[in-house]
Amino acid sequence: MKLSLTLAFLAVLHALVVLAAWVAPYHYAEQHRDYPFAPPARVHFTDAAHRFLLRPFVYGLTQDSPGGDYREDRSRLYPIDFFVRGRLFGVGAPGVLFLWGSDGYGRDVFSRVLYGGQVSLLTGLVAAFLSLSLGLLCGTLAGFHGGWVDGLLMRGGELFLALPWLYLLLGVRAFLPLHISPAQAFFLLVAIIGTVGWVRPARMVRGVVLSARERGFVLAARGFGASPGYLMRRHILPLTWSVLLTQATVLIPRYILAEVTLSFLGLGVGEPVPSWGNMLAEARQYHTLMAHAWMLAPGLATIPLLLGYLTLADILLERPSSADPAPPIERPSGALPLGSREG
Amino acid sequence: MKYAARRLLHSLFLLAGVSLLSFLFADLAPGDFFSEMRLDPGVTSATVDALRARHGLDRPLPVRYAAWLGSMARGEFGYSLAYNTAVGPLLRQRIPGTLLLTGCATLLAWLMAIPLGIWNAARRGTWSDSITKASLSIFLSIPDILLAVILLALAVETGWLPAGGMHAPGSESLAAEDRFRDTLRHLVIPVAVLVLGMLPVLVRHVRASVAECLDSPFALAARAHGIPRRRLLFRHILPAALNPLITLFGFSLGTLLSASLLVEVLVGWPGLGPLFLEAIMARDFALVLGVVMSSTTLLIAGNLIADLLLYRADPRIQTS
Amino acid sequence: MPADPLLRVRDLSKTYFRRRWLFPALPATAALAGVSFTLDRARTLAVIGASGAGKSTLARCLTQFETPTSGQILFEGRPLSPHRRLDIQLIFQQPAASLNPRFTAAEIVEEPLVIQRRGTGAERRHSAASALELTGIARSALGKRAHQFSGGERQRLAIARALVVEPKLLILDESFNGLDVSLAAQIAALLSGLQQRLGIAYILISHDLTRVAGLAHEIAILEHGAIVEHGLTATLLSQPQHEHTRELIAAALALQGGAA
C-alpha cells in the first residue's frame, strides 16, 4: 500500500518534469525584461466586485518605480486559459503568469524549475544507471572469477573509496576542461558521477554472486555440465536484481544532489540551460534572497523528490527478499568448492 | 600490536596508490595553469613555454612524479602557481579549519543522536517514534545548499549570528576569550547545517542498534530478573550496540568530509573546501592534488582510528 | 553378462593441501586413503561413516566435482571424463537447496536437457513429464514453483531431474536425513521401484545405518578415509568384523531403542 503510494507520488513528479515543455507556461529562456524579480502570482477567483468567476485569473503587474515593489493593477484582468500556445495553461499577452515569481531576467521560475528538473533528474537517473551497470559488470567478474581479477577489482575499488566522495568528484572535474557547453557539461557530469560510483554496487553484486555460486542449485546445474554463462544468466544474475533495485533508489537522489552541487559551484551545467543547481547559485546572494525568497524554489523542489526516493529505499530495504524462502547459504554435506582451489 | 601495524601499512599503501593515480590522472588533463595565458594575444607562445619550463612543467612524467614525492617529503607538497608559494603551507593553514568544523559537528551530532536514538528505541512503535522518523526523513531530504542559504539569510536578517566566515573583522585584536566566543558564534551555522545532515542517519542507526539489543533474549532475561532500566542501558545495552556504531562512524566520515566541503564554501569558512574550489577554477593542479591528498589522508586516518577502536572493542571481528 | 562392473574404484586417494602464499603446498588432510570397491548394475551400495570419514569427498570425486590425488575410477570400463558426466548423478542432501525456488517444477526437471541442448521444447517437456510421473508427482504440478512443494515432494523433484538424463548410477548423499519415517519409506520404495524398472545402481551415503539398510545390497564402512569393512548387508549386520562397524551398529540400535 505504502509502496504504491510512494511509486505513484514519484511517478507524478517525474511526469511533471518530463512533460516540462508542455506543463510549463513559458520556455526556460523566455525573458520578460519588464518584469524582473516579479513575486509569485496571486491567482484570484473573485473579482473586485466580489463576483465568483469560474476561470481563475491574475491581475496585471505594475511597478511604482523601476526596481521597486510590484503592485497588482486591478484594471487589467487576465484569465488563465488552458491549452494556450501549445502548453497546458497560461495567460494571453501582455499578461504574465509567474506562478513562482520571476528571476533577474524576467524568466518564469516555475517553468525554469520544471525544465531544470529535466537536467537534474536525468543526470541522476542516467548516472545511476551507469554506476549500476559498471558495478554489475565488475561485481560479477570479481565474484565469479575470483582470484586475481577479484583482487584487482577490490583493491582498485578501495582506491576510489579512499577519497571523500565530493572531493573525488571535484578532483576528477578539476582536470577536465572548465568552459564547456551545457550539453557537453551534461554528458561530462553523467560520466563522472556515474563512473566514480561503481564501487559500492560492485561490492554488493560481488557478495550476491559469491554466495550464489555455492547454492545447491548452481552446483546441481554444474553437475549437468552447465557453462559459466548459463549459470550466470539463469541462476545468479536474477538474484542480483533486488540488490540493484535498492541501490538504484539510494543512488538516484544522491546523484541528483551531485548534479545540483556541481552546477551550483559553477562546474556543471551553465547558462542558459537551467538546472536546479545553477538556479540556486543565483539565489545565493543575500540581497537577492531576502527580497526575492521565491528564488529558492528549485531547492524546495528537490525536497519532495528526495523524500520520495528515500521512502522508496526504506520500503525496499525493509522487505525480505521476495520469493526466495530457501535459506541463504545451504550447502550439501560439506562445502563443494567451485573448481577446487586446493590440492 | 600486529593488527595496528598491518592496518597502518595498508593505509600507507592506499595513500601511495591514490597519489600515483591522481598524479597520472592530472597528467591526462588537457591544458594547465598557463592555458588561459595562452589565449591572451598579448602573451607570446615563447613566453608561456619559458614559464612552463621554469616551473618544470615540460619534464617527463616519472621525473615530475619523483620531484613531487620529494616535495611532499619535505612538507612542501609541490608549488602552487596561483598563490605563488609552496602548497604545503596553504594546506596547513586550512586543514585545522576543516578539522575544527568536522570535529565539532561530529561531537555534537553524536551527543544528540545517542540520546535521541535510545529514546526512540525505547518508544519504538509509538506515535512519537513515527513522528521523529518522519521529521528526520524530511530533514534528510533537504539539500545542504538550501539549508545553509536559508540559515545565512536568517542570520543576517536577525543579526543574531554572523553571516559566514570564521572571524569577525578585527577580531585579532580581541582578548583570547572574546576571540574564542567569536569563533564559536561563527561556528553555529556551519555546524548546524552539518549536524542536521548527519543526525537522521545517526539516529536511525542508534535506534536500530539499541532496539535490536533491547529485543535480544539476554535483555529480556535481564529485565525479568529485575535489573533496573538505567543500569541495563548503560552497563549492558550500550556496549553491545557500540560495535555497529563504531562501524557507522567509519562509514560516515567520507560523507562528513564531503558535506563539510560544501558547507565551508557556502558559509565562507576557511577550510579545505574553498581552497579546493579556487584551485579548480584557477587550474592550479599542484594545489588540487595537495587538497586531494589532504582529504584522503584525513579520511584514511579517520578510518584507521575507527578500525582500531573496533578492534579494541571486539578483537573477534578482525579475522580478515 | 558383461564382464566389467559398472563402477570400479581402485585405490582412490584424495588429499587436501593448504596453500600459503609463496610457500610450497603442505598436505593437510587425507580425506580419502586408498578406497577400493566395485559396483554392478542395478545394485545398491551403502557407504556408512561418521562425519569427516570422507563420504562426501567420495561423492565429489565420483561426480567429478573434485579430482583425486591418486587412484582410478573406471565407469563402464573407462576412466571418468566430462563427456560422460551425466551417467553419474548426485542427489544433494538438502533438496530445498538444490532446487532454484523460483523455477517451476517443469523448468527444474527440464533443466539438464536444456543445459545439454537435447531435444526440442516439446520433447523436453515430454521427458520431464515422464520423469515426474515416475517419481509420483502429478502432471498438474508442472507449473508450481519449487518453494510451493513440500520437503518430500522436493526430494522427488530432485530425483526426477536426475532421472531425465537417464543416469546409470545415482549417488544419494545423506538424502534420508530430515525425512520422517513414512516419507523415507516412500522414497525408499520409489528408489527400489526405479531400480527394478530402469536398472539404476545406487550409492547411498549416510551416517546412519538404519536408514539405508533396507535398500542396500552391500554396505561399506568408511573410517578416516579408508574402507574398514565391506560386505553384503545381511552378513555385515549380523556378523560385523570391524570395531567401527560394531560401534555404528550399536549406535543405530541405541537410536532405535534396542530393536534388533
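Residues numbered from 1 in each chain as written. Chains lettered and ligands numbered in written order. Predicted model: local features only at pLDDT ≥ 70, side-chain atom pairs only at ≥ 80, totals over all residues.

1. Comments concerning the overall build of chain C
And then number 1: What chain C contains, in helices and strands, is nine helices and 10 strands.
And then number 2: Taking 260 residues into account, the globule formula puts the C-alpha radius of gyration at 18 Å, and chain C, at 19 Å, falls close to it.
And then number 3: Projected onto the principal axes, the alpha-carbon positions of chain C cover approximately 55 × 50 × 45 Å.
And then number 4: Counting across all 260 residues of chain C, residues that qualify as buried make up 42%.
And then number 5: In chain C, of all internal contacts separated by at least 6 residues, the share reaching a separation of at least 24 is 68%. (Helix = DSSP H or I, 4+ residues; strand = E, 2+ residues; numbered from the N terminus. Rg over C-alpha atoms; globule rule 2.2 N^0.38 Å. Buried ≥ 20, exposed ≤ 12 C-beta atoms within 10 Å, placed from the backbone. Contact = placed C-beta atoms within 7 Å.)

2. Examining the interface of chain B and chain A
And then number 1: Taken together, the contact between chain B and chain A spans 38 residues of the former and 36 residues of the latter.
And then number 2: Elements with a minimum of two residues in the side of chain B that touches chain A: α1 (2–28), α6 (127–141), α7 (144–158), α10 (229–267), α11 (272–282) and α12 (285–313) of chain B.

3. Digging into the nonpolar core
And then number 1: Counting 238 residues, the largest nonpolar core has Leu 169 of chain A, Ala 148 and Val 149 of chain B together with Leu 157 and Ile 171 of chain C as its most contacted members.
And then number 2: Residues contacting Leu 157 of chain C, with those up to four places away along its chain left out, are Leu 99, Ala 105, Ile 108, Val 109, Ile 137, Ala 146 and Phe 149 of chain C. (Core = buried A, V, L, I, M, F, W, Y, C linked by C-beta atoms within 7 Å.)

4. Examining the environment of Leu 74 of chain C
Residue and element names in this part refer to chain C.
And then number 1: Among the structural elements, Leu 74 can be located in strand β4 (residues 70–75).
And then number 2: Leu 74 sits in the partly exposed class, given 16 other C-beta atoms within 10 Å.
And then number 3: Dropping the residues within four chain positions of it, Leu 74 is found in contact with Arg 8 and Pro 79.

5. Digging into the arrangement of the chains
And then number 1: Ranking the two pairs of chains in contact by contact count places chains A and B at the top.
And then number 2: For chain B and chain C, which are not in contact, the least C-alpha distance works out to 15 Å.

6. Re α6 of chain B
And then number 1: With 15 residues, α6 of chain B extends 21 Å from end C-alpha to end C-alpha; this agrees with the ideal 21 Å at 1.5 Å per step.
And then number 2: Turning to α6 of chain B, its buried residues number three or more, namely Thr 132, Leu 136 and Ser 141 of chain B. (Expected span 1.5 Å × (residues − 1).)

7. Some details on the packing of helix α5 (residues 165–174) of chain A against helix α6 (residues 182–196) of chain A
All names here are of chain A.
And then number 1: Close contact between α5 and α6 brings their axes to 10 Å; oriented N to C, the two are set at 135°. On the basis of their axis angle, the class for α5 and α6 is oblique. In this structure, α5 crosses over α6, and the sense of that crossing is right-handed. Contact residues: α5 offers Leu 168, Leu 169, Val 172 and Arg 173, while α6 offers Ile 192, Ile 193 and Val 196.
And then number 2: Looking at the contact of α5 with α6, its residues break down into six nonpolar, no polar and one charged. (Axes fitted to C-alpha atoms, helices over the stretch in contact; angles between N-to-C directions. Parallel < 35°, antiparallel > 145°, perpendicular 65-115°, else oblique. Left-handed = near helix turned anticlockwise from the far one by under 90°. Nonpolar A, V, L, I, M, F, W, Y, C, P; charged D, E, K, R; others polar.)

8. Quick notes on the sheet that holds strand β3 (residues 70–79) of chain A
All names here are of chain A.
And then number 1: If you trace the three strands from one edge of the open sheet to the other, you get β1-β2-β3, paired in antiparallel fashion. Of all the strands in the sheet, the pair left with one neighbour each is β1 (44–46) and β3. Pairwise comparison of adjacent strand axes, ignoring direction, gives a mean angle of 50° for this sheet.
And then number 2: When β1 meets strand β2 (residues 52–63), the two strands line up antiparallel, connected through two bridges. Across the sheet, the residue bridging to His 44 is Phe 57, located in β2. (Pairing = 2+ DSSP bridges.)

9. Notes on the environment of Tyr 255 of chain A
All names here are of chain A.
And then number 1: You can see Tyr 255 is positioned in helix α9 (residues 228–264).
And then number 2: Judged by local crowding, Tyr 255 falls into the buried class, with 26 C-beta atoms found within 10 Å.
And then number 3: Separated by 137 residues in sequence, Tyr 255 and Gln 118 place their C-alpha atoms 13 Å apart.

10. Quick notes on the pairing of strand β8 (residues 201–206) of chain C
Residue and element names in this part refer to chain C.
And then number 1: Burial analysis of β8 places six of its six residues in the buried class, the great majority of the element.
And then number 2: In β8, alternate side chains face the same way, and those of Ala 201, Ile 203 and Ile 205 on one face and Tyr 202, Leu 204 and Ser 206 on the other are all buried.
And then number 3: As judged from the five bridges shared by strand β3 (residues 44–49) and β8, these two strands associate in the parallel manner. The partner of Val 47 across the bridge, within β8, is Ile 205.
And then number 4: Here strand β7 (residues 169–173) pairs with β8 via five bridges, running parallel. Looking at β8, one finds that Leu 170 is bridged to Tyr 202.
And then number 5: The parallel pair β7 and β8 is bridged by helix α6 (residues 181–198), and the resulting crossover is right-handed. (Right-handed = clockwise from strand over helix to strand, strands pointing away.)

11. Observations concerning the sheet that holds strand β9 (residues 218–223) of chain C
All names here are of chain C.
And then number 1: Pairing in this open sheet of six strands is mixed, and the strands run β6-β7-β8-β3-β9-β10 from one edge to the other. The two strands at the open ends of the sheet, each matched to only one other strand, are β6 (88–91) and β10 (226–232). Going from strand to strand, the sheet's axes swing by 20° on average, the running direction of each strand aside.
And then number 2: Relative to β7, β6 runs parallel, the two sharing four bridges. Counterpart to Gln 89 in the pairing with β7 is Leu 170.
And then number 3: Helix α1 (residues 55–62) rests against β3, β6, β7, β8 and β9 of the sheet, and its axis sits at about 150° to β7.

Read these as layout, nothing more, since geometry by itself doesn't imply function.
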